[in-house]
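# Structural overview
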Amino acid sequence: MVGISFNQKPYRRIIMELYGADVVSSPSERTDFGKKMLEQDPDHPGSLGIAISEAIETAVKSGGTTKYSLGSVLNHVLLHQTIVGQEVLLQFEKIDTKPDVMIGCVGGGSNYAGFMYPAMGRKLRGEDDGTRFIGVEPASCPTLTKGEYKYDFGDTAGMTPLLMMYTLGHDFVPSPIHAGGLRYHGDAPSLCLLKKLGYTEAVTYDQVQTFEAGKLFSKTEGLVPAPETCHAIKAAIDEARKCKETGEEKVIAFNFSGHGLLDLKGYGDLLEGKLVKYV
Ligand SMILES: Cc1ncc(COP(=O)(O)O)c(C=O)c1O
């Protein structure tokens, strides 16, 4: 578990331990790569890239007893999640409408792509050209908006196959924002290509803006969104506000990727005025 999340989110760790897991803070002393990172900085906050390197090293050295499956930066993971987007289209069909804007937060890309790829497919086949797609990322980890489009590794040590993607560099260590799932240096190649070709837009917000959106959503809807999800909500609110100004009516759909009941520390920091922006 990425070190900063291990410290910020003890309840996530406890749930895993409850189910029988042995949870280790990364970088750790258990791998050569972890040790190397700790030598450079004994208080290293870690990153998803480093945790992936440690996981791969552990699997490789296990003598064949352990396998490692890389997560949401790989295209097949995005396709697996499209069951969500298929259902979204069916639900819209039921109410005889379609979304004008589809929004999701972007870590590696799986929840956003899973949500909107079926609708994107319609657009690419020329069956619909009206829908806009917006991926939302943290200002402090702006891969789609400020990354370089090139081949890079999915992990920090450089053990994965090379991926053609927007990347901030595989050794990029993101700021310790509460949206731990968005602290990743790259994005899935298929999503990056869609961005490069202009089929999807991308925007960024700092974490105070996103937690404010989460607070408003909690008060109006009664559900507390995850810090990652707050990014999508902030963009949805901004799109709705634009409509209010122009008087246009639009159907805005966003993906509610997770609840924030295990992330209350971030909300606590917001309420106490202690939340750092990180841009
Ligand atoms: C609640 C939540 N939303 C979104 C994400 C971002 O990941 P992805 O871009 O792969 O959907 C994560 C990642 O951990 C997450 O926990």
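Treat the numbers as computed from the prediction; the structure is a model and nothing was measured.

## Describing helix α6 (residues 110–124)
- Y117 marks the point of greatest bend in α6, at about 50°, and the proline P118 comes within the next four residues.
- Buried within α6 are the following residues: S110, N111, Y112, A113, G114, F115, M116, Y117, A119 and M120.
- Considering only its buried residues, α6 is in contact with α5 (75–94), β1 (101–105), β2 (132–138) and α8 (189–196).
- Just past α6, the residue G126 takes up positive phi, approximately 80°.

## Some points on the site of the ligand
- In the region of the ligand, 16 residues are neighbours, and S72, G107, N111, G181 and G258 sit closest.
- Going through the elements one at a time, α6 and α10 (227–246) are the ones with two or more residues in the shell around the ligand.
- With three residues, the single largest contributor to the shell around the ligand is α6.
- The residue inventory of the shell around the ligand, partitioned by class, reads five nonpolar, ten polar and one charged.

## A few points about the domain arrangement of the chain
- Here the chain is described as being made up of domain 1 (3–60) and domain 2 (75–271).
- Between domain 1 and domain 2, the C-alpha centre-to-centre distance is 25 Å.
- Residue-level contacts link 15 residues of domain 1 with 17 residues of domain 2.
- Within the residue set of the side of domain 1 that touches domain 2, elements represented by two or more residues are α1 (3–8), α2 (10–18) and α4 (48–60).
- Within the side of domain 1 that touches domain 2, the residues separate by chemical class into eight nonpolar, five polar and two charged.

## Regarding the packing of α5 against α6
- The contact between α5 and α6 brings their axes to 6 Å, and the two run at 55°. By the angle between their axes, α5 is oblique relative to α6. Regarding α5 and α6, the two cross each other, and that crossing is right-handed. In this structure, α5 contributes V77, L78, Q81, T82, V84, G85, Q86, V88 and L89 to the contact, and α6 contributes S110, N111, A113, G114, F115, M116, Y117, P118 and A119.
- Looking at the contact of α5 with α6 residue by residue, the classes come out as eleven nonpolar, seven polar and no charged.

## Some words on the nonpolar core
- The biggest cluster of nonpolar side chains holds 57 residues, and the ones touching the most others in it are M102, I103, M116, V136 and A232.
- Among the elements that line this core, the one with the most residues is α6, at seven residues.
- Looking at this core, you find at least three residues from each of domain 1 (3–60) and domain 2 (75–271).
- Every residue in contact with V136, bar those within four places of it in the chain, is listed here: I103, C105, V106, V203, Y205, H231, A232, K234 and A235.

Thresholds, definitions, all that
Residues numbered from 1 in each chain as written. Predicted model: local features only at pLDDT ≥ 70, side-chain atom pairs only at ≥ 80, totals over all residues. Bend = angle between axes of the 7 residues up to and from the residue. Helix = DSSP H or I, 4+ residues; strand = E, 2+ residues; numbered from the N terminus. Buried ≥ 20, exposed ≤ 12 C-beta atoms within 10 Å, placed from the backbone. Contact = placed C-beta atoms within 7 Å. Near = placed C-beta within 6 Å. Nonpolar A, V, L, I, M, F, W, Y, C, P; charged D, E, K, R; others polar. Domains from an automatic or database assignment. Axes fitted to C-alpha atoms, helices over the stretch in contact; angles between N-to-C directions. Parallel < 35°, antiparallel > 145°, perpendicular 65-115°, else oblique. Left-handed = near helix turned anticlockwise from the far one by under 90°. Core = buried A, V, L, I, M, F, W, Y, C linked by C-beta atoms within 7 Å.

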